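Residues per chain, in single letters:
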Amino acid sequence: MKIFHSAKEFKNYTKNLRGSIGFVPTMGALHDGHMSLVRRAKEENDFCVVSIFVNPTQFLPGEDLSKYPRRIEADTKLCELAGVDALFLPTLEEMYEEDEPSIKAPKINGYVLEGFVRPGHFDGVLTVVMKLLNISSATKAYFGQKDAQQLILIEQMVKRYFMDVEIVACPTIREKEGLAMSSRNVYLDEEQKKASLAISKSLFAAGTMVGAGELDTAKIEARMREELAGLDVEYITFCDRNLGKQEKIELKNSIVLVAAKVGATRLIDNIWI
Ligand code: PAF
């Protein structure tokens, strides 16, 4: 596996590859959610490249940038074992200059849900993803449905900026009991992990209700709130695949999203119906 720290050298490598490139951008602390993206990228492409970069511009002041888990050695091993062709590990200086153009998140969809709680977060996400897509010369780039709003905004950016890359949405990978995998799960102690299961339980309850024919989001939300009773819920939202709010579930066009705090840790999860 090749390892690059320089954006110029990585770009030079990717643009000279002969064949399709599957790209998995990450912030590291890799878990099976990430590795499922890597497996899919390998299956569907001639080459698979991965980036690890804890992107400071998507963290708000006071968020967990400094304590975000960093495990470069273990992550490098995982990528090597998974058969990744090249790993991009840029420094901050490789990715950003003091004064440079940046991408802005849409004024509405970038400032609801996660963007409402974390205003400006998606400016940073879209800016770094634009850079990474360009540097990786990706044919297809792989993102998890767990970060639903991020995925949708990236799809919209790629479409509206006429970018030549296909965004592939991949299902959320869960731990045995249901907790959606996330690098931030390491912040949870055993008690908090148990408490956090209420989030996936509430989503599964919503899925069961829809399966039984219930499409009224008010009724589904009431049931979800029962499951979530012990947690500090930030939002429960029902929206379509463009983040438009829904009063009624539309099969194959609905996402049920939850954000809740367990102790000091914010967790998000969703199901696509
Ligand atoms: O989902 C993430 O890990 C990050 O937001 C991403 C897409 C790698 C951009 O920094």
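The present account deals with the structure reproduced in this document. (Residues numbered from 1 in each chain as written. Predicted model: local features only at pLDDT ≥ 70, side-chain atom pairs only at ≥ 80, totals over all residues. Heavy atoms only, no water.)

**Observations regarding the pairing of strand E6 (residues 166-170)**
Pairing analysis gives five bridges linking strand E5 (residues 140-144) to E6, with the strands arranged parallel. Bridged to tyrosine 142 within E6 is valine 168. In this view, the connection linking E5 to its parallel neighbour E6 by way of helix H7 (residues 148-160) has right-handed handedness. (Pairing = 2+ DSSP bridges. Helix = DSSP H or I, 4+ residues; strand = E, 2+ residues; numbered from the N terminus. Right-handed = clockwise from strand over helix to strand, strands pointing away.)

**Quick notes on the sheet that holds strand E7 (residues 232-239)**
Remark on secondary structure: sheet strands pair via backbone hydrogen bonds, oriented parallel or antiparallel. Sheet architecture is open: three strands sit in the order E7-E8-E9, paired in antiparallel fashion. Strands with a single pairing partner mark the edges of an open sheet, and in this sheet they are E7 and strand E9 (265-272). Along the sheet, successive strands turn relative to each other by an average axial angle of 10°, direction set aside. Note that strand E8 (residues 255-262) and E9 share eight bridges and pair antiparallel. Note on E9: the bridge partner recorded for alanine 259 is isoleucine 268. Where H7 meets the sheet, it contacts E8 and E9, and its direction lies at approximately 65° from that of E9. Together, E7 and E8 form the strand contacts of helix H9 (residues 217-227), whose direction differs from that of E7 by roughly 155°. (Axes fitted to C-alpha atoms, helices over the stretch in contact; angles between N-to-C directions. Contact = heavy atoms within 4.5 Å.)

**Section: helix H1 (residues 7-15)**
Every buried residue belonging to H1 is among Ala7, Phe10, Tyr13 and Thr14, and all of these are buried. Projected onto a plane normal to the axis of H1, the buried residues spread over an arc of 125° and lie on a single side. Seen from the open side of H1, the exposed residues pointing more than 90 degrees away from its buried face are Lys8 and Glu9. Elements in contact with the buried residues of H1: strand E1 (2-4), strand E2 (21-26), strand E3 (47-52), strand E4 (86-88), helix H4 (92-95) and helix H6 (121-136). The N-cap residue of H1 is serine 6: its side-chain oxygen and the backbone nitrogen of lysine 8 are 3.3 Å apart. (Buried < 20%, exposed > 50% of the residue type's maximum accessible area, 1.4 Å probe, protein only. Arc of directions from axis to C-beta. Polar contact = N/O pair within 3.5 Å; in protein donor to acceptor, adjacent residues only side chain to side chain.)

Shape descriptors only; they carry no functional weight alone.
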